[in-house]
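# Structural features, examined
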Amino acid sequence: MQNANRRLVLAARPDGFAGPEHFAEDTVAVRAPAAGEVQLETLYVSIDPAMRVWISENPGYVPRIEIGDVMRAFGIARVASSGDPRFAKGDFVQARVGWQTHPTLAARDIEPLPGDPLDWMGLLGMTGLTAYFGLKDVGRIHPGETVLVSGAAGAVGQVVGQIAHIEACRVVGIAGGPEKCAILTGELGFDAAIDYKAEPDLAAAIARECPGGVDVFYDNVGGPTLDAAIGALKIGGRVVICGRISQTAAAELYGVRNLGLLIGRRARIEGFVVTDFAARFAEGRAWLAAQRDAGRLHQRVHVINGLESAPAGLGMLFKGENQGKLVVKVGE
Ligand SMILES: NC(=O)c1ccc[n+]([C@@H]2O[C@H](COP(=O)([O-])OP(=O)(O)OC[C@H]3O[C@@H](n4cnc5c(N)ncnc54)[C@H](OP(=O)(O)O)[C@@H]3O)[C@@H](O)[C@H]2O)c1
């Protein structure tokens, strides 16, 4: 249909994993931009574990998405028509476009996109910045330290491991399955990988791969993985709480048992939200882009096709079906 904006709206709140049954597709007319607005054609939307939190009853530190609302999502888009002198038809931009094909947004909420648009979905976007500030500012890594990363083959984890490697740390990744572990030690340059799905005793596997202990544990997963990693911390160790995907949709929360070890280890555990560092995003992007240009940093992007595949994509993250940054290709 000409002049149509296809949208995916929240239809029901999930109890466990989210999937297509929780979203409904509708079509509305494209809205011409008023002064100070820009009308966009969406090219890619990002799929992030946090989306499952946003559609829950009580998301915590972000407003929840209401039933009937277009699903919130970062994305990249082309300007179709502009009511703002800073943007012209054909410009590539990034914005919180949502799961829709032709949004009309305020120009103040849109950023221009230099370089390869797909880089802005991961490496230079929120996931790359999350890895950069989480590891450097919260984890405070030093050359020669041992860095353990969970969710290592995912969007954030793959960048964390490569940054640690660039900073001359020993890097050990935890991921599900032999294929992901081979990617970590192969193309991503990790020193070792632990397939948590194949290890009967994760603590023993961490001790085997980090024989002197762990200086920094960058956690994307939470639950029993966090427990096992705390047990391996060195004196002065740091735990970066980036995410806890194993607990996001869990029917029963896992109670972490090893917190008492933080006392004797004089260890620190700290959570953060990437937007805490918004004032320094330009610094983070400049560093990440320089490493990419020097050939030291790259990202795996996992592309699925069609706006309608986005809800199933959200489910993929929780089943470990993505390799690297998961995005949906919406338009050409
Ligand atoms: N703090 C912040 O500001 C911030 C910003 C962005 C993201 N995050 C968090 O960072 C984490 C990673 O996000 P991402 O976008 O990079 O996602 P991702 O790692 O690309 O995808 C999620 C991965 O989590 C793993 N996983 C799923 N269920 C699991 C379970 N029960 N136990 C262990 N691993 C499990 C799967 O990998 P396997 O196949 O290896 O199991 C899956 O591929 C998420 O927790 C997210 O919420 C935080």
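These remarks concern the structure in this document.

Looking only at helices and strands, the chain features 10 helices and 15 strands. Taking 20 Å as the expected radius of gyration for a compact globule of 332 residues, we find that the chain reaches 20 Å, a close match to that expectation. The buried share of the chain, taken over its 332 residues, is 44%. Sequence-distant contacts, at least 24 apart, represent 66% of the contacts inside the chain between residues at least 6 apart.

Attention now goes to helix α10 (residues 310-318). Of all the positions in α10, only Ala310, Pro311, Gly313, Leu314 and Leu317 are classed as buried. Axial view of α10: buried residues confined to an arc of 155°, hence all on one face. Following α10 by one or two positions, Gly320 has its phi on the positive side, about 70°.

This part covers helix α3 (residues 155-166). Helix length check: α3, at 12 residues, gives a terminal C-alpha distance of 17 Å against a target of 16 Å (1.5 Å per residue), a fit within 8%. Within α3, 10 of the 12 residues are buried, leaving the element largely enclosed by the surrounding structure. All buried positions along α3 are accounted for by Ala155, Val156, Gly157, Gln158, Val159, Val160, Gly161, Gln162, Ile163 and Ala164. Those residues of α3 hidden inside the fold are in contact with α2 (126-138), β8 (146-150), β9 (170-175), α4 (178-185), β11 (214-219) and β15 (325-329). Positive phi shows up at Ala168, right after α3, with a value of about 65°.

What counts as what
Residues numbered from 1 in each chain as written. Predicted model: local features only at pLDDT ≥ 70, side-chain atom pairs only at ≥ 80, totals over all residues. Helix = DSSP H or I, 4+ residues; strand = E, 2+ residues; numbered from the N terminus. Rg over C-alpha atoms; globule rule 2.2 N^0.38 Å. Buried ≥ 20, exposed ≤ 12 C-beta atoms within 10 Å, placed from the backbone. Contact = placed C-beta atoms within 7 Å. Arc of directions from axis to C-beta. Expected span 1.5 Å × (residues − 1).

These values are about where atoms sit, not about what they do.
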